[in-house]
Structure formats: structure tokens, C-alpha cells
Amino acid sequence: MAAAARPLRQGRVPILREIIGNSLDRLSPKAVAEAALAGEEECRAIYRQVGRVLGLGISIAEHLHELKILRAELDEPGVMGAAVWAAEQWASMYPKHQS
């Protein structure tokens, strides 16, 4: 949700701001989708970028038969993904520190 929070903090995306009542606590993928459908261009751009990334991931045919796209069961899947990415980056930079 960082992609949507950034323009909110910068005073842009008025449709999204109205949908969430100007509260970052209410920012969600559903709110971004609603704003995109209402014509908020930056929210539409977020969904285009997500679509491109998802499409690139799906296009890797080597394991395509094993691919399952599931609805996230976590409250904040983006946060978990960022944490896993950071841990992987740290491990690749400092391999001697792995236990």
C-alpha cells in the first residue's frame, strides 16, 4: 500500500482521500480499486503496475503448472512480503551471519 500512501501524504489522489475519509488507517487495496474505478489516475497506474508484475511472474513457464494464485490470508501481506524480501537481501549480503 506504500504506492498509494505516498501520493496521499503528498496531497494528491483526492478521490482516494475521500473514500478513506482522509485516514491512512482505512487505506486498503479495496479502497485503491474503488478510487481507480472512479477515475483516480494514480490508483489506476498502481493497478496497471501490479498487473504487469503479476503477468511477468505468471509468464515464467518453468513452474507454471505448480502456480496457484490465492487470496492473502494475512491482514498486511505487503508488510510480510517486504520483511521476507529484506531478510533475503540481508542474507545474500551477509551469508556468514546465517544460522
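Residues numbered from 1 in each chain as written. Predicted model: local features only at pLDDT ≥ 70, side-chain atom pairs only at ≥ 80, totals over all residues. Heavy atoms only, no water.

> Provide a residue-level description of helix 3 (residues 29-37), including the pertinent values.
Listed as buried for helix 3 are Ala-31, Val-32, Ala-35 and Ala-36. For helix 3, the angular spread of the buried residues around the axis is 140°, confining them to a single face. The outward face of helix 3, more than 90 degrees from its buried face, is lined by the exposed residues Lys-30 and Leu-37. Tucked inside the fold, the buried residues of helix 3 contact helix 1 (2-9), helix 2 (14-19) and helix 4 (41-58). Trailing helix 3 by a residue or two, Gly-39 shows a phi angle of about 105°, which is positive. (Buried < 20%, exposed > 50% of the residue type's maximum accessible area, 1.4 Å probe, protein only. Helix = DSSP H or I, 4+ residues; strand = E, 2+ residues; numbered from the N terminus. Arc of directions from axis to C-beta. Contact = heavy atoms within 4.5 Å.)

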